Amino acid sequence: MDWLDRVAGLRRWARNEVRAPHKPLLLLYALGSYQRDAEGELRYSAVEEELKRLLVEYGPSHATTPAYPFHHLVSDGVWEVRTDRGPGSPGTGIGVLRSSGATGRLASELRAALGEEPALLGRMARVLLDAHFPSSLHDDLCEAVGLDLEEAGTGIVGGAARRQRDRRMRELILTAYEFQCAFCGYDGTLGASTVGLEAAHVRWWSHDGPDEVDNGLCLCSLHHKLFDKGVLGVGEGHRILVSQRFVGRSEASRQHVLALAGRPVLGPQPGSPPVADRHREWHARQVFHGAPRQSVECGATAG
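A brief structural summary. (Residues numbered from 1 in each chain as written. Predicted model: local features only at pLDDT ≥ 70, side-chain atom pairs only at ≥ 80, totals over all residues. Heavy atoms only, no water.)

Some words on the state of the cysteines
Next up, step 1: The tally for this structure, following the rule as stated, stands at 0 disulfides.
Next up, step 2: Cys184 forms no disulfide, and the closest cysteine sulfur to it belongs to Cys181, at a distance of 3.6 Å.
Next up, step 3: Between Cys220, a free cysteine, and Cys181, which holds the nearest cysteine sulfur, the sulfur-to-sulfur gap is 3.9 Å. (Disulfide = S-S within 2.5 Å.)

Below you can see the structure in the form of structure tokens.
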């Protein structure tokens, strides 16, 4: 059985391009748990709050529940659930998952495969990360679920890496934005090389975002991370959005984040296409958290 292909093909709920990372997050959490204790089980009532926090931090902004993946991941053949009454999931009801003593863990066949080939764990984790999340969030997400990829070993993914990134993307984006952050204008170099500047996908590459200039922004490392976490966005008129949910009390937070609300995006240079509305709107729906703050300068909502 090709476990990498099975993981890459997780069935996801889909409607109106809504991002649904529920199953990948639960499976990453389960892999982290297995790495720490190969024989351990995850009791729903014990891990519910932690799984909720993962969904809030790494999922879309609308309300959701970990009960859905806890039940439905069984159908993908990588997860099993049992209750106090025996094998089998009792359903997606939060109450019944709690009261029945439902516990879940990696499917027995998968546990056996991991026992025979320990490096498979790292390769599976890499497939999940690449398929569902931008690279800027991978380290934070691994830490959140307790995964140590260095210990696991990632190996070569092979056939499971279905799409290939365009290696020219970074150069094209940075050139289009004249090697400065589109949000703050940072343009640092070390010798002949730029430092701290990255090409950010607006619609994530893992969610069919194309490697094209109209789906990219040149951002400094800080603003790239905040953009991918949903703290920052791009609104109508290509003005910067700052989430009302972001809290920053220091002068650094005010200067580098809060003061951006309502400011125009810097660039791209004439002749290069700005962020396409379809990509900007996808990010606003699927990544940006909550409502935008009002502009510091004019007191009006930006976008």
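Some details on the packing of helix α3 (residues 44-58) against helix α8 (residues 138-145)
Next up, step 1: Running from N to C, α3 and α8 cross one another at 170 degrees; their axes reach a closest spacing of 11 Å. Considering their axes alone, α3 and α8 lie roughly antiparallel with respect to each other. Listed contacts from α8 to Glu50, Leu54 and Tyr58 of α3 are Asp140, Leu141, Ala144 and Val145.
Next up, step 2: Class assignment of the residues belonging to the contact of α3 with α8 gives a composition of 5 nonpolar, no polar and 2 charged. (Axes fitted to C-alpha atoms, helices over the stretch in contact; angles between N-to-C directions. Helix = DSSP H or I, 4+ residues; strand = E, 2+ residues; numbered from the N terminus. Parallel < 35°, antiparallel > 145°, perpendicular 65-115°, else oblique. Contact = heavy atoms within 4.5 Å. Nonpolar A, V, L, I, M, F, W, Y, C, P; charged D, E, K, R; others polar.)

As for the sheet that holds strand β2 (residues 79-83)
Next up, step 1: The 4 strands are arranged β1-β4-β2-β3 in an open sheet whose pairing can be described as antiparallel. If you trace the sheet from one side to the other, it starts and ends with β1 (42-43) and β3 (86-87), each paired once.
Next up, step 2: Two strands pair when backbone bridges link them, and β2 and strand β4 (residues 103-106) are joined in this way by 4 bridges, in the antiparallel orientation. Counted as the bridge partner of Glu80 is Arg105 from β4. (Pairing = 2+ DSSP bridges.)

Points about the packing of aromatic side chains
Aromatic ring pairs are defined here through the distance separating the ring centres and the angle between the ring planes.
Next up, step 1: Enumeration according to the criterion identifies 4 aromatic pairs in this entry.
Next up, step 2: Ring centres of Phe183 and Phe227 lie 5.9 Å apart, and the angle between their planes is 70 degrees; this geometry places the pair in the edge-to-face category. With Phe183 in the loop between α10 (169-176) and β5 (189-190) and Phe227 in helix α11 (residues 221-228), this pair connects stretches of sequence that are 44 residues apart. Judged on exposure class, the residue Phe183 and its partner Phe227 are both buried.
Next up, step 3: Between the aromatic rings of Trp204 and Trp282, the centroid separation amounts to 6.0 Å while the plane-to-plane angle is 65 degrees, which identifies the pairing as edge-to-face. Of the two residues, Trp204 is situated in the loop between β7 (197-201) and β8 (216-220) and Trp282 in helix α13 (residues 277-286); the sequence distance between them amounts to 78 residues. (Phe/Tyr/Trp six-rings, centres within 6.5 Å; stacked < 30°, edge-to-face > 60°. Buried < 20%, exposed > 50% of the residue type's maximum accessible area, 1.4 Å probe, protein only.)

Focus on the nonpolar core
A general trend in soluble globular proteins is that nonpolar side chains are found buried together.
Next up, step 1: The biggest cluster of nonpolar side chains holds 49 residues, and the ones touching the most others in it are Leu28, Trp79, Met124 and Leu141.
Next up, step 2: At the level of elements, α1 (3-8), α2 (22-36), α3, α4 (67-72), β2, α6 (108-116), α7 (119-132) and α8 are the ones that each hand at least two residues to this core.
Next up, step 3: Considering each element in turn, this core owes the most residues, 8 residues, to α2.
Next up, step 4: With residues near it in sequence (within four places) discarded, Trp79 still touches Leu26, Ala30, Leu42, Pro69, Phe70, Leu73, Val74, Gly104, Arg105, Leu106 and Ala107.
Next up, step 5: Judged by nonpolar contacts, the second largest core, of 31 residues, contains Leu174, Ala200, Phe246 and Leu258. (Core = buried A, V, L, I, M, F, W, Y, C linked by side-chain atoms within 4.5 Å.)

Some details on the pairing of β7
Next up, step 1: In terms of burial, β7 is largely enclosed, as 4 of its 5 residues are buried.
Next up, step 2: Where β7 lies against β8, 5 bridges are found, and the strand directions are antiparallel. When the sheet's bridge partners are listed, Ala199 is paired in β8 with Cys218.

Overview of the packing of α2 against α7
Next up, step 1: The geometry of α2 relative to α7 is characterised by a closest axis approach of 10 Å and an angle of 155 degrees between their N-to-C directions. As far as their axial angle goes, α7 and α2 are roughly antiparallel. Note on packing geometry: the crossing formed by α2 with α7 is left-handed. Here α2 contributes Pro24, Leu27, Leu28, Leu31, Tyr34 and Gln35 to the contact with α7, which in turn contributes Leu121, Met124, Ala125, Leu128, Leu129 and His132.
Next up, step 2: Here the residues of the contact of α2 with α7 sort into 10 nonpolar, 2 polar and no charged. (Left-handed = near helix turned anticlockwise from the far one by under 90°.)

Observations regarding α6
Next up, step 1: Of the residues making up α6, those classed as buried are Leu110, Arg111, Ala113 and Leu114. End-on, the buried residues of α6 take up no more than an arc of 160 degrees, which puts them together on one face. Opposite the packed face of α6, turned more than 90 degrees from it, sit the exposed residues Gly115 and Glu116.
Next up, step 2: Buried residues in α6 make contact with α1, α2, β2, β4 and α7. (Arc of directions from axis to C-beta.)

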